[in-house]
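Spelled out from the first residue to the last, the chains are:
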Amino acid sequence: MKALVALILLVQLPIHQAVPAAPPAPLGCDDPESEAAAEFAVNYINGHSHHGYKFALNRIDNIRVLSQGLNNDIIFLELDLLETTCHILSPTPLANCTVRSFTQHAVEGDCDVKLQKQDGKLSVLASKCHSHADSSEDVLQLCPDCPLLASLNNTDVLTTVTAALNDHNSKTADAYLRLLEIGRARIQYHPAHSVSVEFAVAATNCSAEEAKNNVEACQLLPDDQSNFGFCTATRVTRPSEDLRVDCQLYGHQVPTLDTPFPSAPGQDTSAGLVPSAAQGFTNHNLRLSHNNPVASESSSSEFPTSVLSAKSVAKRAAAEVAQHDKVPRPVGFVPPPPPPCPGKVRHFKI
């Protein structure tokens, strides 16, 4: 009898008194799903960079997720990256690349990325990145004797690269190497005057011996035989002359870059001339602006096709979230607290 009464009372309860289900809590910057999206974005950024070095994730600054329907979300990410010691041409996996230390005059990348997660699969819809070297004042405050980044077309830098490449080619029986680009340069003034450089190279179709007779005939290998490499060198000019060079070739690999490293018209890169894109800069800026025309997405969340400003992804996210928040909520609804962002710093903060 008691069970029957309870059943009658349950049936008579007004439907409007049912407690509404709470929406899912927003993602935090250090949640596993956020980190997976950031890892995917960083791999995409490195895969579409044309110059300089690979970048590693340092911190997730912000993440916003907008539902586009069943199993279809748009994810907006703001990321802080740090430059590693691996050149963009290096086949070394990013997980094995060392982040440059603060005292090596670190370079930070700022990226805004818009992704789509549909049926569990991530794709990049748009991205915008730029990078900058840490301020000289910050480096010198921590390490007064640390050398700072020098302009990539500095006369001492160009002279050192030329000397290093000529020295390597004169001492090897292997392929004659040509310069692709200068990656980094630092000048030490005290107690000795020295110039340290890093530069990317590629093997030609000539041996070093053959190049002595007709260097102009030496051409870079075709894509199906490509062999890129990386050199480091230090040239001391005072108090005495000294030159140390180390070049490593990666072996044959199919280039993954969208475009090769071109030389400016009339430039002979074997003479140590830096590609025109690097002139006047101390580091290769992580300039990446991309809209993916292939990815599927509803028109309500597409990016404009015009050039994106540095923070356009974040601004777009804020606008769409504001519109999304206008959806009527049940009476008594209490919005969840904002997610913990920014996330943890993985290396160090510039």
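For clarity, every value in this text was computed on a predicted model and none was experimentally measured.

Each value, and the rule that gives it
- Residues numbered from 1 in each chain as written.
- Predicted model: local features only at pLDDT ≥ 70, side-chain atom pairs only at ≥ 80, totals over all residues.
- Heavy atoms only, no water.
- Disulfide = S-S within 2.5 Å.
- Helix = DSSP H or I, 4+ residues; strand = E, 2+ residues; numbered from the N terminus.
- Buried < 20%, exposed > 50% of the residue type's maximum accessible area, 1.4 Å probe, protein only.
- Pairing = 2+ DSSP bridges.
- Contact = heavy atoms within 4.5 Å.
- Axes fitted to C-alpha atoms, helices over the stretch in contact; angles between N-to-C directions.
- Salt bridge = Lys/Arg side-chain N within 4 Å of Asp/Glu carboxyl O.
- Core = buried A, V, L, I, M, F, W, Y, C linked by side-chain atoms within 4.5 Å.
- Phe/Tyr/Trp six-rings, centres within 6.5 Å; stacked < 30°, edge-to-face > 60°.

## What to know about the state of the cysteines
- Enumeration according to the criterion identifies six disulfides in this entry.
- In this model, Cys29 is linked to Cys341 through a disulfide, with the two sulfur atoms separated by 1.9 Å. On the S-S bond that ties Cys29 to Cys341, the torsion sits near 105°, and the link is right-handed. Note that Cys29 is positioned in the loop between α1 (2-12) and α2 (32-47) and Cys341 in the segment after α6 (312-324), a separation of 312 residues in sequence.
- We classify Cys29 as buried; its relative accessible area is 0%.
- Classification of Cys341 by relative accessible area gives partly exposed; the value is 26%.
- Covalent S-S linkage joins Cys111 and Cys129, the inter-sulfur distance amounting to 2.1 Å. On the sign convention where negative means left-handed, the S-S torsion of about 120° between Cys111 and Cys129 marks this disulfide as right-handed. With Cys111 in strand β3 (residues 107-118) and Cys129 in strand β4 (residues 121-133), this residue pair connects regions lying 18 residues apart in the sequence.
- Counting only the cysteines that form disulfides, in the order they appear in the protein, gives the pairing 1-12, 2-3, 4-5, 6-7, 8-9, 10-11.

## Things to note about the sheet that holds strand β5 (residues 148-149)
- As summarised here, the arrangement of the five strands in space is β5-β6-β7-β8-β9, forming an open sheet in which the pairing is antiparallel. Strands with a single pairing partner mark the edges of an open sheet, and in this sheet they are β5 and β9 (242-252).
- Both strand β7 (residues 193-207) and strand β8 (residues 227-238) contribute to a ladder of ten bridges, which runs antiparallel. Residue His193 lies in a different strand from β8, and its bridge partner there is Arg238.
- Relative to strand β6 (residues 175-188), helix α4 (residues 155-170) is tilted by about 140°, and along the sheet it contacts β6, β7, β8 and β9.

## Topic: the pattern of salt bridges
- Under the counting rule described, the total for this entry stands at 13 salt bridges.
- A salt bridge links Glu35 to Lys344; its shortest N-O distance comes to 3.8 Å. Note that Glu35 is positioned in helix α2 and Lys344 in the segment after α6, a separation of 309 residues in sequence.

## Description of the nonpolar core
- In this structure, Leu77, Leu79, Leu81, Cys111 and Val113 are the most contacted members of the largest nonpolar core, which totals 25 residues.
- Among the elements of the structure, α2, β1 (53-67), β2 (72-87), β3 and β4 are those that each provide at least two residues to this core.
- Here this core gets six residues from one element, more than from any other, and that element is α2.
- By size, the runner-up hydrophobic cluster in this structure holds 20 residues, among which are Ala150, Val157, Leu158 and Val201.

## Remarks on the packing of aromatic side chains
- Inspection of every chain in the model, using the stated rule, returns two aromatic pairs.
- Ring geometry for Tyr53 against Phe230: centres 6.1 Å apart, planes inclined by 85°, an arrangement best described as edge-to-face. With a gap of 177 residues between them, Tyr53 in strand β1 and Phe230 in strand β8 connect regions that are remote in the sequence.
- Under the relative-accessibility criterion, Phe230 is labelled buried at 13%.
- Taking the centre distance of 6.0 Å and the plane angle of 85° together, the rings of Phe102 and Phe348 count as edge-to-face. In this pair, Phe102 is assigned in the loop between β2 and β3 and Phe348 in the segment after α6, connecting sequence segments 246 residues apart.

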